[in-house]
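Here are the chains, one letter per residue:
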Amino acid sequence: MNILDWKTKQNNVEVPFCPARVVLQDFTGIPAMVDFAAMREAVRNAGGDPVKVNPACPTDLTVDHSLQIDFSKCAIQNAPNPGGGDSQKPMAKLSPLKAQPRKLPCRGQTGCKGPCSAGDSSRNSGQFSAQIENTPILCPFHLQPVPEPETVLKNQEMEFGRNRERLQFFKWSSKVFKNISIIPPETGMAHQVNLEYLSRVVFEVKDFLYPDSVVGTDSHMTMVNGLGILGWGVGGIETEAVMLGMPVTLTLPEVVGCELTGAASPLATSIDIVLSITKHLRQADVAGKFVEFFGSGVSQLSVADRTTIANMCPEYGAILSFFPVDNVTLKHLKHTGFDKAKLEVMEAYLKAVKLFRNDESSSREPEYSQVVQISLSSIIPYVSGPKRSQDRVAVNNMKSDFQACLNEKSGVKGFQIAVEKQNDIVPVQYEGNEYKLSHGCIVIAAVISCTNNCNPSVMLAAGLLAKKAVEAGLLVKPYIRTSLSPGSGMVTHYLSSSGVLPYLSKLGFEVVGYGCSTCVGNTAPLPEAIRNAIKQGDIIACGVLSGTKNFEGRLCDCVRANYLASPPLVVAYAIAGTVRIDFETEPLGTGFNGRSIYLRDIWPTRKELHTVEEECVISSMFKELKEKMEKGNKRWNLLEAPESTLFPWDLKSTYIRCPSFFDKLAKEPVSPQPIENAHVLLYLGDSVTTDHISPAGSIARSSAAAKYLTNKGLTPREFNSYGARRGNDAVMTRGTFANIKLLNKFIGKPAPKTIHFPSGQTLDVFEAAELYQKEGIPVIILAGKKYGLGSSRDWAAKGPFLLGVKAVLAESYEKVHKSQLIGIGIAPLQFLPGENPSTLGLTGREQFSILFPPELSPGMTLDVKTSTGKVFSVIALFENDMEITLYKYGGSLNFVARRFL
């Protein structure tokens, strides 16, 4: 097959792709590594050398992914250690009062306005709340680190206690397997660490260079495409196959070229640009396709912008969105710790193989299946309001739109103010000075803890604007309630490291704490004189905030117009003191020497933002991350783990157990065995999802898994979740088809039940399957259309296999799940077009026999005979010789294991 003829081959042929590396998170990493440990055991038992069993490509596993919150700033919920093996030393019982942050002495700083405490402050209008973060919280007054709140420390203790067995297993894996790197706890989640530390961009192995590429089990894996690294998320079975040296098979995709041209409005923030590009791509119908960005406008996007756009693939349906490496990427990599020599080699290689994007190059752009053009100049900033977040107003139309709101009848936008009263002015005395309030005056301005202010660029934009405003001599009127409630301690960290926090404070935007504040009505009361003036003059006063909620009267009962805006615009409107301003033609105020200062004079350019972000913020953050990665943490470093070639399985463990996938491992494959007199375990309808099949979430007290854990001596509080117990096949098998929404036609109502036909009993699905296996009776599944729909889940195939399912007969399959069934050793069979169990007169109570010929071929037809004498045909959905080979060997795990014999 020649894929260079891509115009005719796309969407019609499958191509094998071998990624350079794999990234796992803990939920999918634990079963993968348990399988490798079990494979070592099986290879040893079959006479092979277990030391040879290792991942075939570099594999990184991040332990941080799931966090169960036992302690919070509100209360501490004490729970015993639910280990399931030998019990650990009991933890001291804690008082809820001790969950408060610890106080830090002032250390003699001058100008301190109160104790450097996370609990209270005489300067702030709110509380400096406890914050669970890996980065230090800074005191908002003199920027000294505040010790971690006790809540995070106690949660970490509980996590280590609860997951000690799993962590010890990970530690053992890191010691004995080659090509595996375990990223210790308390470091960061998979997609973030992948971006910040694991990415190579270009691999160099024994003087051989090749592009970095990655597949992983984290849903945010596509973020890495923003760094010029091809990558996307796959299921656990596909990931294990790659680790075993097998390729990922994908349909040759269409590649949509997205050309970015022009320049965005100076007032447009990164969020404006990202959301606008996402909207355009959604309208362009790029579902199921690759997207690659090109054009002069790409250089205006920072790496943070690019990775955000790449991460939003699910929003517009693309498989991935790729940004080729360019000078912006290289500058970013320099600040993240790549050394000069590595960058020089990287640049030379990528240019030599024509993978480097260069605006100055005269070479023509790549050829794409389709081209979508987006002009950045069409992206303009908006605010939302004055009463509903869906009512968007272009910033350059703000003045006229507010005027229209004054004229409109009372309703979703209007205030119905008489024309003769629209220019009323109410004088007010405040702190010894007279101020004038009018319709549109701003009395609340808040940068608060919502999604948009966790983006470094928009928060830095607010800080840089404040810096320029203060330096120009601008101030915010003292009666305006200003506040800054960052989304996390990390936000405060990069605001302080870039030096802008004092300027925000100078304008009144001081850190008041971490948590929902102004947008849920938790703002401090307005000064009484201001409140009285607003009410007496019937003034339409305004609030401006960078949150997500702005319902009428939510901020304060006397503030009737509320607008959502980006953080820098919140600061700008606070300085102006009114929303009745045209930023293009009217000044924000008067600065030093009586000079009129316009917004354009103090608005930071994108170049300024990128420079500060990369040189001040990114370099500091990545240096800290690198140190954390290299040092690990005390608990992980002190954790003891065996160093034996084979893992010493603990038969008492309820977390780690040797699975039975390799029980029939043999040196030579056997011909596909016939399925004789199989009973139907489940008779399912259309659109059965992997959520219906795969164990997920909490373990119900009445479930088969709960019975198993209870028999092991655990209480319901110690059950933990299916996700935490993915390394125990006994739990996961019992959780397969345990979804309470499962509709089995044998039962007639949603329930995780089925009928064991030899006895006539209605049982849990696992209990029926267990009886069938004891009786030596194979089982199959009958299903309708789109079997296996939804997210790729390895246990949606592994679970049925361990239940004894030999084949699935369905009208159609979700493609990825069909491949997973083959990869575990289950035959996916499809009814002929127009046929299904109903048209064939099947009740599911029959016994079924399926004969496989000695030599299978892709797409061949097989005969199925029932105990009632009916014979019908089905299609064996093996699409190529590789899938047939995997099925003959009993799945991909056994296929690869035989290589070591």
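Bear in mind that the values here come from a model prediction, so they are computed numbers and not experimental data.

1. Observations regarding the overall build of the protein chain
A tally of helices and strands in the protein chain yields 28 helices and 34 strands. Split into buried and exposed, the 901 residues of the protein chain put 56% on the buried side. Put simply, of all contacts in the protein chain between residues at least 6 apart along the chain, 74% involve residues at least 24 apart. Accessible surface, the protein chain as shown: approximately 37,700 Å² in total, 51% of it carbon and sulfur.

2. A short note on the nonpolar core
Across soluble globular proteins, nonpolar side chains have a tendency to be buried as a group. Within the largest apolar cluster, 133 residues are counted, with the highest numbers of intra-cluster contacts made by Leu 681, Phe 737, Tyr 787 and Leu 809. Residue contributions to this core peak at ten residues, all from helix α2 (residues 26–45). Leaving out residues up to four positions away in the same chain, Tyr 787 has contacts with Leu 684, Val 688, Ile 693, Phe 737, Ile 781, Val 808, Ala 810, Ser 812, Tyr 813, Glu 814, His 817 and Leu 821. Among the nonpolar cores identified, the runner-up in size contains 81 residues, and Ala 469, Ala 533, Ala 576 and Ile 602 belong to it.

3. Brief notes about the pattern of salt bridges
One pass over the structure, following the stated rule, counts 31 salt bridges. Taking the shortest distance from any N to any O, the salt bridge between Arg 560 and Asp 538 comes out at 2.6 Å. Here the residue Arg 560 occupies a position in the loop between β22 (542–545) and β23 (561–564), and Asp 538 occupies one in the loop between α16 (528–536) and β22, the gap between them amounting to 22 residues. You can call Arg 560 partly exposed: its relative accessible area is 23%.

4. With respect to the sheet that holds strand β9 (residues 213–216)
As summarised here, the arrangement of the five strands in space is β6-β3-β2-β9-β10, forming an open sheet in which the pairing is parallel. In this open sheet, the two strands that pair with only one neighbour each are β6 (180–183) and β10 (230–233). For this sheet, the mean inter-axis angle between neighbouring strands, taken without regard to orientation, is 15°. When β9 meets β10, the two strands line up parallel, connected through four bridges. Note on β10: the bridge partner recorded for Val 214 is Gly 231. Docked against the sheet, α2 engages β2 (21–25), β3 (59–62) and β6, running at close to 110° with respect to β2.

5. Here's the deal with helix α22 (residues 704–711)
For α22, the complete set of buried residues consists of Ala 704, Ala 705, Ala 706, Tyr 708 and Leu 709. Looking at the packing, one finds that the buried side of α22 touches α23 (729–735), β28 (761–764) and α24 (765–774). Positioned one or two residues after α22, Gly 713 has a phi angle of 95°, which is positive.

6. Things to note about the side chain of His 439
Turning to its location among the elements, His 439 is positioned in the loop between β19 (433–438) and β20 (442–447). Separated by 3.1 Å, the side chain of His 439 and the backbone nitrogen of Ile 540 make a polar contact. Residues within four places of His 439 in sequence aside, it is in contact with Phe 402, Leu 406, Ile 417, Lys 421, Gln 422, Asp 424, Asp 538, Ile 539, Ile 540, Thr 578 and Arg 580.

7. A few points about the sheet that holds strand β29 (residues 779–782)
Strand order in the closed barrel formed by seven strands is β26-β29-β30-β31-β34-β33-β32, and the pairing between neighbours is mixed. Put simply, the sheet's adjacent strands are angled 40° from each other on average, direction ignored. Relative to strand β32 (residues 848–850), strand β26 (residues 675–683) runs antiparallel, the two sharing two bridges. Across the sheet, residue Ala 678 finds its bridge partner in β32, namely Phe 848.

Calculation criteria
- All residue numbers refer to position in the chain's written sequence, counted from 1.
- For a predicted model such as this one, the threshold for reporting local features is a pLDDT of at least 70, and the threshold for listing and counting side-chain atom pairs is 80 or more; totals across whole chains, interfaces and linings nevertheless cover every residue.
- Remark: hydrogens and water are excluded; side-chain values derive from all non-hydrogen atoms of the structure.
- Labels follow the DSSP assignment, with helices taken as runs of H or I lasting at least four residues and strands as runs of E lasting at least two, numbered in each case from the N terminus.
- For every residue, the accessible area (1.4 Å probe, protein chains only) is compared with the maximum for its type, and the residue is labelled buried under 20%, exposed over 50%, or partly exposed between those bounds.
- Contacts were defined at the residue level, with two residues in contact if any of their heavy atoms lie within 4.5 Å.
- Residue exposure ignores everything except the shown protein chains as possible cover, and the areas themselves are Shrake-Rupley values with a 1.4 Å probe.
- Buried residues of nine kinds, namely Ala, Val, Leu, Ile, Met, Phe, Trp, Tyr and Cys, make up a nonpolar core once their side-chain atoms join them within 4.5 Å.
- Should a side-chain nitrogen of Lys or Arg be within 4 Å of a carboxyl oxygen of Asp or Glu, the pair is scored as a salt bridge.
- A pair of strands is labelled paired if DSSP reports no fewer than 2 bridges between them.
- Note on definitions: angles span 0 to 180 degrees between N-to-C directions of axes, and those axes are lines fitted to C-alpha atoms, for helices only across the stretch in contact.
- Each polar contact in these results corresponds to two N or O atoms within 3.5 Å; when the atoms are within protein, one needs to be able to donate a hydrogen and the other to accept it, and residues that are neighboring in sequence are counted only if both atoms are side-chain atoms.

These figures capture arrangement, not role.
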